[in-house]
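# Architecture at a glance
Spelled out, the chains give:
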Amino acid sequence: MTLLLTNIGELVTQDDAVGIIHDAAVVLDGERIAWVGPAAAAPAADERIDAAGRAVIPGFVDSHAHLVFAGDRAAEFAARMAGESYTGGGIRTTVAATRSAGDDVLHAGADRLVREMRRQGTTTIEIKSGYGLSVDEEARSLRIARRLTTETTFLGAHVVPVEYQDRPDDYVALVAGPMLEAAAPHARWIDVFCERGAFDGDQAREILQAGARAGLGLRIHANQLSAGPGVRIAVELGAASADHCTHLSDADVDALAGSDTVATLLPGAEFSTRSPYPDARRLLDAGVVVALATDCNPGSSFTSSMPFCLALGVREMGLSPAEALWAATAGGARALRRDDLGVIRPGARADLVLLNAPSYLHLAYRPGVPLISTVLHDGVPL
Ligand code: NIG
Ligand code: FE
């Protein structure tokens, strides 16, 4: 089945920087894009959608989300807004709630968030485990995640669970050994929260190297709450992405600039923890590839909205609207090492979003407004 999307006022292909075509059309053939060009030259197709002069962009690629969990931490958020600071200590609250929830509850919760994301224009979602923290619970979370996405990430090294608090090295051995073995068949990636109070540089390196030996790609929660070794380890090990990147030294920025590691910025976390935002301008000016993602999770960033994160990137982090859109689409694809996403070109996945706006500029210009009209995922309208 072919589908012609025509009368597009502004098509943001992202193929060559922003790559805008006016009065454009796109033809989808099943799950792939088959043709892109001026509407006047478009070939015929089985079905047709008239964009009526509105803008079309690639679907958002949300390369960092924690969706498999139970429980609620709204009271923790309220306490932060009254002056408490975020430490990551609440992760254990979610671990307790997740362990006592049935598979159906965990799946339904994650599925609800995936639907919420799709309605807001996200067509690719990375989903992490990390609220189970035992061999069986991490494997269970990943089995649930795998029903919802192919971009699954094993995050057994989120924090040391309470039953291991007096012997963290035993927990590191468990994560790098039996837990990894149980998780690897369900995961594409491995991630570590490298931070004071979570895992130090040596522990992160040990776990990530074990993951690499098991065939997983590497990602890391790095330099979120304080300066530390996370970014340097990401670059040293060739990780696809270093995520957060809030507290960076000049050496960290230089290391990222000379690497294939993407800096994935998660401004929803700074918003929800009332923290200073990462400096996207500094990273881009140094030549670092930047992605934007939601970090959707019940503790530090309970937003599922890529348009919200894009607007924060523009207002608070020094990105131009074009740079922010690239980071939220093609940048996310780079962070997942995917060349078939985040662009509108023949051969790429048929993941597109029709906006209720004449230009992608409106995503940041009209923050908080539901501008997502039609979402096409795998060539199928939602
Ligand atoms: O990316 N930093 C660690 N993990 C999450 C927060 C998880 C939580 O607070 O539940 C993050 O911010
Ligand atoms: Fe995270």
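Residues numbered from 1 in each chain as written. Chains lettered and ligands numbered in written order. Predicted model: local features only at pLDDT ≥ 70, side-chain atom pairs only at ≥ 80, totals over all residues. Heavy atoms only, no water.

Per an unreviewed UniProt entry, the chain carries the name Imidazolonepropionase and comes from Winogradskya consettensis. UniProt annotates the chain under Catalytic activity (unreviewed entry) with the comment "4-imidazolone-5-propanoate + H2O = N-formimidoyl-L-glutamate". Quoted straight from UniProt, the Sequence similarities (unreviewed entry) entry for the chain says "Belongs to the metallo-dependent hydrolases superfamily. HutI family." (UniProt positions renumbered as here; feature names shortened; annotations may be inferred.)

This brings us to the UniProt feature "domain: Amidohydrolase-related" (unreviewed entry) in the chain. Mapped onto this numbering, the UniProt entry gives "domain: Amidohydrolase-related" (unreviewed entry) at residues 56–357. Strand forms 15% of residues 56–357 and helix 43%; the C-alpha atoms that close the span are 9 Å apart. (Helix = DSSP H or I, 4+ residues; strand = E, 2+ residues; numbered from the N terminus.)

Around ligand 1 sit 15 residues, and of these R73, Y86, Y131, Q224 and S300 come closest. Contact between ligand 1 and H221: an oxygen atom at 3.0 Å from a side-chain N or O atom of the residue. Within the side chain of H244, an N or O atom sits 3.0 Å from an oxygen atom of ligand 1. For ligand 1, whose accessible area on its own is 320 Å², the fraction buried by protein is 100%. Counting atoms within 2 Å of the grid points, the majority share of ligand 1 lands in the largest cavity. Classifying every residue of the shell around ligand 1 by side-chain character gives four nonpolar, nine polar and two charged. (Near = heavy atom within 4 Å. Polar contact = N/O pair within 3.5 Å; in protein donor to acceptor, adjacent residues only side chain to side chain. Areas by Shrake-Rupley, 256 points an atom, 1.4 Å probe, with all protein chains shown as cover. 1 Å grid on protein atoms, 1.4 Å probe; cavity = no way out; pocket = protein on both sides within 12 Å on 5 of 7 lines; lining within 4 Å. Sits in = over half its atoms within 2 Å of the grid points. Nonpolar A, V, L, I, M, F, W, Y, C, P; charged D, E, K, R; others polar.)

Right, let's talk about helix α3 (residues 103–119) for a bit. Side chains three or four residues apart in an α-helix point the same way, a direct result of the helix having 3.6 residues per turn. Between the first and last C-alpha of α3 there are 24 Å, a value that for 17 residues agrees with the 24 Å anticipated at 1.5 Å per step. Listed in full, the buried residues belonging to α3 are L106, H107, A110, D111, L113, V114, M117 and R118. One face of α3 carries all of its buried residues, which in axial projection span an arc of 160°. For α3, the exposed residues lying more than 90 degrees away from the buried face are D104 and R119. Next to the buried residues of α3 lie β6 (60–62), α2 (91–99), β7 (122–125), β8 (127–128), α4 (135–146) and β16 (372–377). Phi for G121, located one or two positions after α3, is positive at around 95°. (Expected span 1.5 Å × (residues − 1). Buried < 20%, exposed > 50% of the residue type's maximum accessible area, 1.4 Å probe, protein only. Arc of directions from axis to C-beta. Contact = heavy atoms within 4.5 Å.)

Let's shift gears to the coordination of the iron ion (ligand 2). Coordination angles at a metal have ideal targets, namely 109.5 degrees for four tetrahedral donors and 90 or 180 degrees for six octahedral donors. Protein coordination of the iron ion (ligand 2) is provided by H64 (NE2), H66 (NE2), H221 (NE2) and D295 (OD), with donor distances spanning 2.1 to 2.3 Å. For the iron ion (ligand 2), the donor residues sit on a single chain with the sequence spacing H-x1-H-x154-H-x73-D. Within this pair, whereas H221 is found in strand β11 (residues 217–222), its partner D295 is found in the loop between β14 (290–292) and α11 (306–317), the two being separated by 74 residues in sequence. Side by side, H221 and D295 carry an identical accessibility label, which is buried. (Donors = N, O, S within 2.8 Å, 3.2 Å for Na, K, Ca; no water.)

Within the structure shown, the criterion is met by two cavities of 30 Å³ or more. There is about 80 Å³ of room inside the largest cavity. A breakdown of the residues in the lining of the largest cavity according to their chemical character gives four nonpolar, seven polar and one charged. Empty space within the second largest cavity amounts to approximately 30 Å³. Lining the second largest cavity are G59, V61, T123, T124, D340, L341, G342, V343, R349 and D351. The residue makeup of the lining of the second largest cavity, split by class, is three nonpolar, four polar and three charged. (Points joined across faces, edges and corners; volume = space filled by probe spheres on them.)

With that settled, consider the packing of aromatic side chains. Summed over the entire model, instances satisfying the criterion amount to five aromatic pairs. Ring geometry for F69 against Y131: centres 6.2 Å apart, planes inclined by 70°, an arrangement best described as edge-to-face. In this pair, F69 is assigned in the loop between β6 and α1 (74–81) and Y131 in the loop between β8 and α4, connecting sequence segments 62 residues apart. Judged by its relative accessible area of 8%, F69 is buried. One aromatic cluster is present, formed by F69, Y131 and F302 through successive ring pairs. The ring of W189 carries R219 above its face, with NZ or CZ at 4.5 Å from the centroid. (Phe/Tyr/Trp six-rings, centres within 6.5 Å; stacked < 30°, edge-to-face > 60°. Lys NZ or Arg CZ within 6 Å of the ring centre and 35° of its normal.)

Contact geometry of helix α5 (residues 168–183) with helix α6 (residues 201–213) gives a least axis separation of 9 Å together with a crossing angle of 10°. For the element pair α5 / α6, the angle class is roughly parallel. When α5 is examined against α6, the residues P168, D169, V172, V175, A176 and L180 are found in contact with a partner set consisting of Q203, E206, I207, A210 and G211. Taken together, the residues of the contact of α5 with α6 break down into seven nonpolar, two polar and two charged. (Axes fitted to C-alpha atoms, helices over the stretch in contact; angles between N-to-C directions. Parallel < 35°, antiparallel > 145°, perpendicular 65-115°, else oblique.)

Here we take up the sheet that holds β8. Whether parallel or antiparallel, the strands of a sheet pair through hydrogen bonds between backbone atoms. With parallel pairing, the seven strands of this open sheet are ordered in space as β8-β9-β10-β11-β12-β13-β14. Bordering the open sheet on either side are β8 and β14, each of which pairs with just one other strand. Sheet topology note: the β11/strand β12 (residues 241–244) ladder contains four bridges and is parallel. When the sheet's bridge partners are listed, A222 is paired in β12 with H244. (Pairing = 2+ DSSP bridges.)

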